[in-house]
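Reading the structure
So the chains spell out like this:
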Amino acid sequence: MRGWIVVTLPLVVIALLTRRTTSAQCEYGFFGPRCQFKCHCDQMSCDDNGYCTGGMACDPPYFGPACQYVDRSPLADTDNKELTDFNDATCVTSATTHTVTFTFNSSAPVVIQFVRLRVSNPDYRDLIQATVVGSIYGCTDQVRVEVDHVTSDIYCRNFVPVVTVRLTGDGVKYLCTVHQSGGRNMALRQRTTSSLPEPGSTADIGVDDENEALDSTTCFWAETRQLYTWSVIFSTPVKVFSVFIQNRKDGILDMMEDVRVEWFHNTTQLYQFVCTTPQEEYYIPYIGPTNMSVTSLSAWPERKNSRLGKFALSFCELNAHGDCLEGTSGLDCSGTCSHCASKLCSIEGICYECSRTNGLLTCHKLCLNCYKNRCDWTSHLCTEGCETGYYGRYCDKNSKQMESYVHSLN
């Protein structure tokens, strides 16, 4: 753990007490109604909802609501390293910069769900365009979503394995941070099943995020004479953009050889991939229709392992990177956007008002300037006042603009 050096027993006790800020009902480092989400704040400083406390920030490469989204930007080559250092205070230094480019490994492209842009000047927040070049096709159906006054997201509704992301426009010279979301781990501590009653280890060990040893003590494994299937069942249908599998690091890699990984909606197969050669890690991008609804993932060996003479399967952790289906909200995707006129909302349930201009769908948060975004969803009137610097029934008037107006009169 970074920054924790203690030399006496009393200090150890104090350290443990001060760091234990996640939900009291969950084991240390987890939160949520079923303790199914992991804290990704620096020094594990999360409250009961996963948000960072004590001035702490998300621990890279995580960002976004409750620090749950994985940033793929560090995997890309770029001349603008200040945009991927997870520091909003370091920005583009040249006033003549109008283009920045991020290039991923073309032989192993990653799936990007959305690009988050944070600028230093709110007047230029929406003056940045994104061109996404994919290994198969580009991002042809973009949606720009307002996050706050200096932050916006550009979504690819047809998410693609990405080779290049190019940002252009007058707003680029004010860019401070670029996050490129690979989604969040939807498989963590979800229900798991196995087709045999007594495999070598319990099925849930494959999604428990306990993989320090990366051997048979923390990894799932099975050796059987019968064909065997391991599955993770999602509590509600979700999108899964990619699957990351961490293999063992004790020299036994061949138990993932010829293993088929499948996406399912109920009993209908949506996508499949076969791990043909032994590797320490597998990154499997989804390639197919983007209106997917995934209820489970399965892994099973296609044939007997040549070394063991049995059906073999072993891996330490399976991450299913994705997100909620459109029109749902909440970290557990149990909420809906039915209270919104547009039927679209943020993960926190805040409604979007959307309109299409020049072919680009742009969505603004309603109640953005209300205190903690709290308002009446029908009238959009702020129920608990305005955020600092705003006033009016809808908190849509900026006090700085009023000061400027009064000054001009004088």
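Worth saying up front: this structure is predicted, and the values here are computed from it rather than measured.

1. Focus: the overall build of the protein chain
Scanning the protein chain from N- to C-terminus turns up 2 helices and 26 strands. Taken over 410 residues, the protein chain has a buried fraction of 48%. Here the analysis covers contacts within the protein chain between residues at least 6 apart in sequence; of these, 64% occur between residues at least 24 apart. Counting only carbon and sulfur atoms, one obtains 51% of the accessible surface of the protein chain, whose full area is about 19800 Å².

2. Here we look at the environment of T131
Along the chain, the position of T131 falls in strand β7 (residues 129–134). For T131, a relative accessible area of 38% gives the class partly exposed. Between the C-alpha atom of T131 and that of L167, which follows or precedes it by 36 residues, the distance is 6.4 Å. Beyond its immediate sequence surroundings of up to four residues, T131 is in contact with T164, V165 and R166.

3. Here's the deal with the packing of aromatic side chains
In the structure shown here, the tally under the stated rule is 13 aromatic pairs. Judged by centre distance (6.0 Å) and plane angle (65 degrees), the ring pair of F63 and F114 falls under edge-to-face. Highlighted residues: F63 in strand β3 (residues 62–63) and F114 in strand β6 (residues 110–119), separated in sequence by 51 residues. As far as the burial class goes, F63 and F114 line up, both buried. Here the aromatic rings of Y271 and Y286 are separated by 5.3 Å at their centres, their planes lie at 65 degrees, and the arrangement is edge-to-face.

4. A look at the side chain of T362
Residue placement: T362 occurs in strand β24 (residues 360–365). Given a relative accessible area of 15%, T362 falls into the buried group. Among residues more than four places away in sequence, those in contact with T362 are R144, E353, C354 and S355.

5. Structural notes on the confidence of the model for the protein chain
Note that predicted coordinates carrying low pLDDT should not be read in detail. In the predicted model, the protein chain carries a mean pLDDT of 86, and 89% of its residues have values of at least 70. With pLDDT under 50 throughout, residues 402–410 is counted as low confidence; its partners more than four residues away or in other chains account for 1 contact.

6. A look at the state of the cysteines
Scanning the model with the defined rule gives 13 disulfides in all. Two residues, C39 and C46, share a disulfide whose sulfurs are 1.9 Å apart. What sets the handedness of the C39 and C46 disulfide is the S-S torsion sign, and at about 85 degrees it is right-handed. Grouping residues by exposure puts C39 and C46 together as buried. Linked covalently through their sulfurs, C340 and C351 form a disulfide whose S-S length is 2.1 Å.

7. So, the pattern of salt bridges
The final tally for this structure, using the stated rule, is 12 salt bridges. Notably, a salt bridge pairs K38 with D209, separated by 2.4 Å at the nearest N-O pair. With K38 in strand β2 (residues 37–38) and D209 in the loop between β12 (191–194) and β13 (220–224), this residue pair connects regions lying 171 residues apart in the sequence. Owing to a relative accessible area of 17%, D209 belongs among the buried residues under this scheme. Of the charged contacts, one joins D323 and R184 as a salt bridge, the two residues approaching to 3.1 Å between their closest N and O atoms. In this pair, D323 sits in strand β20 (residues 317–324) while R184 sits in strand β11 (residues 184–185), placing the two residues 139 residues apart along the sequence.

8. Some thoughts on unusual backbone geometry
The omega angle of the peptide bond from P60 to P61 is 10 degrees, so this bond is cis rather than trans. A positive phi is found at A66, a non-glycine position, where the angle reads about 55 degrees. Inspection of the secondary structure puts A66 in the loop between β3 and β4 (69–70). Residue class for A66 comes out buried when judged on its relative accessible area of 1%. Despite not being glycine, C67 has its phi angle at roughly 55 degrees, a positive value. Residue placement: C67 occurs in the loop between β3 and β4.

9. Details of the environment of V232
Assignment of secondary structure puts V232 in strand β14 (residues 230–246). Remark: the alpha-carbon pair of V232 and A299, spanning 67 residues in sequence, is separated by 9.1 Å. Among residues more than four places away in sequence, those in contact with V232 are A187, Q190, R191, T192, V207, T295, S296 and L297.

The rules behind the values
Residues numbered from 1 in each chain as written. Predicted model: local features only at pLDDT ≥ 70, side-chain atom pairs only at ≥ 80, totals over all residues. Heavy atoms only, no water. Helix = DSSP H or I, 4+ residues; strand = E, 2+ residues; numbered from the N terminus. Buried < 20%, exposed > 50% of the residue type's maximum accessible area, 1.4 Å probe, protein only. Contact = heavy atoms within 4.5 Å. Areas by Shrake-Rupley, 256 points an atom, 1.4 Å probe, with all protein chains shown as cover. Phe/Tyr/Trp six-rings, centres within 6.5 Å; stacked < 30°, edge-to-face > 60°. pLDDT = per-residue confidence, 0-100. Disulfide = S-S within 2.5 Å. Salt bridge = Lys/Arg side-chain N within 4 Å of Asp/Glu carboxyl O.

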